[in-house]
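Fold and contact review
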Amino acid sequence: MILARSFRVQPGDPARLERRLGRPLDLPLGAQVVLVTGLDEGLARTLGGQGDAAVLAQGQPAPELIDRLLTPSAPLLHLRGDVVRFDDRPLVMGIVNVTPDSFSDGGRHDTTGAAIAHALTLLEEGADWLDIGGESTRPGAAPVPADEECARVVPVIEGLLRRVPGAIISVDTSKAEVARRALAAGACVVNDVTALGDPEMAGVIARAGASACLMHMQGTPRTMQQDPRYDDVVAEVANALGASLERAVVAGVDRRRLLVDPGLGFGKTLAHNLELLRHLDALRALGAPILLGASRKSFLGAITGAREPSQRLVASTATIAIAAALRQADVVRVHDVKATREALAIACAVRSA
Ligand code: PMM
């Protein structure tokens, strides 16, 4: 993963960066610089760096500088103060459902302590990012009041950040109030499966300077699987996500902080899900990184015959590996982090061979 971190040079930074880059640097205190890590050696050398790192010039707003210098072949995502490029491999978002009733892991991590322990395990297994949710979106699920949802997720976010201060955390919520409190607790992304269904949501994200994932859903979790219909599922999902992106931008959200997600299983039949998976490239035209949530979903069980979500590991990792090999997913939302990292290692080795 290529990470670009922009900061003003503080006492101690020049010596540290000179050690890292193996050469003297002219870095006046207070200058704005960008440290880029995760580069391949050739590019690092071209940029005057060494190993996997380079320090880029000063004097311009860092994000624009990075955008220009690293002309991207894949979209960029601004996440906190970092710019993430997805050339290397998709990021792995580990799922932490602090719910009694999620379809796959409901009731397994529904205390603060159990959820934090699970999150730490996912980080150890290689998760880049944790998605913490307090309301099930399974088909037929009933809504949870905002206070109850906050009581589930906020202590987990706070406790986790006390243990792992740099952790990247999204809150999986469709309520602006929950998003606001989760962002105040230290989450930096809102994962909204209703793509701004709450009229206050975009304002909350904009004011916090947060990132957000906008997911497509037809209907609501209560009704979405009753009779989903589309004339052209790929075009309709792409158009709806495009409209959600524009609404977010008009409300003041930084476009570079937005991801899109086709919402597999959210108001979609098996045929719709497969059609979307086959044509994820259509979403590339939106210019935002693509997040994919296929993990353990029932459409996979409909193909393989695995009735229990926990039996859908191979199907989940196969789906993710295909999307990754085709460069059609930039972030994958998964329950099984270790297996996903292995599958991605193979897919990415093949695609870059
Ligand atoms: N799926 C679920 C919940 N949140 N968020 C995004 N962005 N994409 C998804 O596909 C998605 C989601 C349902 O799965 P879970 O109950 O296992 O969390």
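Residues numbered from 1 in each chain as written. Predicted model: local features only at pLDDT ≥ 70, side-chain atom pairs only at ≥ 80, totals over all residues. Heavy atoms only, no water.

**As for the site of the ligand**
Selection rule: Any residue with a heavy atom lying within 4 Å of a molecule or strand is counted as near it. Polar contacts, as used here, are pairs of N or O atoms within 3.5 Å; protein pairs need one atom able to donate a hydrogen and one able to accept it. Residues neighboring in sequence count only if both atoms are side-chain atoms. Exposure was quantified through the Shrake-Rupley algorithm and a 1.4 Å probe, taking into account, for residues, occlusion by the shown protein chains and nothing else. Helix numbering and strand numbering both begin at the N terminus, where a helix is a DSSP run of H or I of at least 4 residues and a strand a DSSP run of E of at least 2. Each residue is assigned to one class: nonpolar for Ala, Val, Leu, Ile, Met, Phe, Trp, Tyr, Cys and Pro, charged for Asp, Glu, Lys and Arg, and polar for all the others, Gly among them.
Around the ligand sit 17 residues, and of these Asn191, Asp261, Lys297, Arg333 and His335 come closest. Note that an oxygen atom of the ligand is positioned 3.0 Å from one of the side-chain N or O atoms of Asn97. Here Gly293 contributes a backbone N or O atom positioned 3.4 Å from an oxygen atom of the ligand. Here the ligand, which alone exposes 410 Å², has 98% of that area covered by the protein. Breaking the shell around the ligand down by element, the ones donating at least two residues are strand E6 (91–97) and strand E10 (211–215). Considering only residue class, the shell around the ligand consists of 7 nonpolar, 6 polar and 4 charged.

**Quick look at the nonpolar core**
Convention followed: The definition of a nonpolar core used throughout is a set of buried Ala, Val, Leu, Ile, Met, Phe, Trp, Tyr and Cys residues joined through side-chain atoms within 4.5 Å. Burial here depends on accessible area, computed with a 1.4 Å probe over protein chains only, as a share of the maximum for the residue type. Under 20% is buried, over 50% is exposed, and the range in between is partly exposed. Residues count as neighbours in contact if any of their non-hydrogen atoms are within 4.5 Å of one another.
Among the nonpolar cores identified, the biggest contains 71 residues, and Val96, Ile132, Ile157, Ile169, Val190 and Ile205 are the most heavily contacted of them. Dropping the residues within four chain positions of it, Val96 is found in contact with Ala115, His118, Ala119, Leu122, Leu130, Asp131, Ile132 and Gly133. Judged by nonpolar contacts, the second largest core, of 14 residues, contains Ile168, Cys188, Cys213 and Leu259.

**Remarks on a nonpolar patch on the surface**
The condition is simple: Residues qualify for a patch when their relative accessible area is over 30% and they have no salt bridge, like charges being joined within 9 Å and the nonpolar side chains of Val, Leu, Ile, Met, Phe, Trp and Tyr within 5 Å. Put simply, a salt bridge is a Lys or Arg side-chain nitrogen that is within 4 Å of an Asp or Glu carboxyl oxygen.
A cluster of nonpolar side chains, namely Leu270, Leu274 and Ile303, defines an oily patch on the protein surface of about 240 Å² accessible area. Within the secondary structure layout, Leu270 lies in helix H9 (residues 270–278). With a relative accessible area of 33%, Leu270 lands in the partly exposed category.

**Examining the state of the cysteines**
Under the convention used in this document: Cysteine sulfurs are considered disulfide-paired once they come within 2.5 Å of each other.
Per the counting criterion, the structure on display carries 0 disulfides. Free cysteine Cys150: the closest other cysteine sulfur is in Cys188, separated by 17 Å. Note on Cys150: relative accessible area 3%, which makes it buried. Between Cys213, a free cysteine, and Cys188, which holds the nearest cysteine sulfur, the sulfur-to-sulfur gap is 13 Å. Of the residues examined, Cys213 reaches a relative accessible area of 1% and is grouped as buried.

**Some remarks on the environment of Thr112**
In this structure, Thr112 sits in helix H4 (residues 112–124). Through-space distance from the C-alpha of Thr112 to that of Ile157 is 9.2 Å; in sequence the pair is 45 residues apart. Once residues lying within four places of it in the same chain are set aside, the contact partners of Thr112 are Pro155 and Val156.

**Section: the sheet that holds strand E11 (residues 258–261)**
Note the following rule: Pairing between two strands requires that DSSP report at least two bridges joining them. For helices, the fitted axis covers only the stretch in contact; all axes are lines through C-alpha atoms, and the angles between them, taken along N-to-C directions, range from 0 to 180 degrees.
An order of E11-E10-E9-E8-E7-E6-E13-E12 is seen for the 8 strands of this open sheet, with the pairing classed as parallel. The open sheet terminates on both sides in strands that have one partner only, identified here as E11 and strand E12 (291–292). Relative to E11, E10 is paired through 4 bridges, and the arrangement is parallel. The residue of E11 that forms the bridge with Leu214 is Val260. Across the face of the sheet, H4 comes into contact with E6 and strand E7 (129–133) while running at roughly 165° to E6.

**Looking at the environment of Ile290**
You can see Ile290 is positioned in the loop between H9 and E12. For the pair Ile290 and Glu158, spaced 132 residues apart in sequence, the C-alpha separation works out to 28 Å. Excluding its chain neighbours within four sequence positions, the residues that come into contact with Ile290 are Val260, Pro262, Leu280, Leu283, Arg284, Gln328, Ala329, Asp330 and Val331.

**Here we look at unusual backbone geometry**
Positive phi, normally seen in glycine, also occurs at Leu196, with a value near 75°. With respect to the element layout, Leu196 can be found in the loop between strand E9 (189–192) and helix H7 (201–208). For Leu196, a relative accessible area of 5% gives the class buried.

**Observations concerning the packing of helix H6 (residues 176–185) against H7**
Put simply, the rule reads: Angles are sorted into four bins: roughly parallel if under 35 degrees, roughly antiparallel if over 145, roughly perpendicular if 65 to 115, and oblique for all others. Here a crossing is called left-handed whenever its near helix is offset anticlockwise from the far helix by less than a right angle, and right-handed whenever the offset is clockwise.
As a packed pair, H6 and H7 sit with axes 8 Å apart at the nearest point and diverge in direction by 15°. Here H6 is positioned roughly parallel relative to H7, judged by the angle of their axes. Crossing hand, H6 versus H7: right-handed. On H7, the residues touching Ala176, Ala179, Arg180 and Leu183 of H6 are Met201, Val204 and Ala208. When grouped by side-chain class, the residues that make up the contact of H6 with H7 number 6 nonpolar, no polar and 1 charged.

**As for the packing of helix H11 (residues 313–325) against helix H12 (residues 337–351)**
The contact between H11 and H12 brings their axes to 9 Å, and the two run at 30°. By the criterion of interaxial angle, the relationship of H11 to H12 is roughly parallel. Taken as a pair, H11 and H12 cross one another with a handedness that is right-handed. Contacts between H11 and H12 pair Leu313, Thr317, Ile320, Ala321, Ala324 and Ala325 from the former with Ala339, Thr340, Ala343, Leu344, Ala347 and Arg351 from the latter. Along the lines of polarity and charge, the residues of the contact of H11 with H12 split into 9 nonpolar, 2 polar and 1 charged.

**Quick look at the domain arrangement of the protein**
How we decide: Residue ranges labeled as domains rest on an automatic or database domain assignment.
One can read the domain layout of the protein as domain 1 (3–70) and domain 2 (76–352). Summarising the inter-unit geometry, the C-alpha centres of domain 1 and domain 2 are found 32 Å apart.

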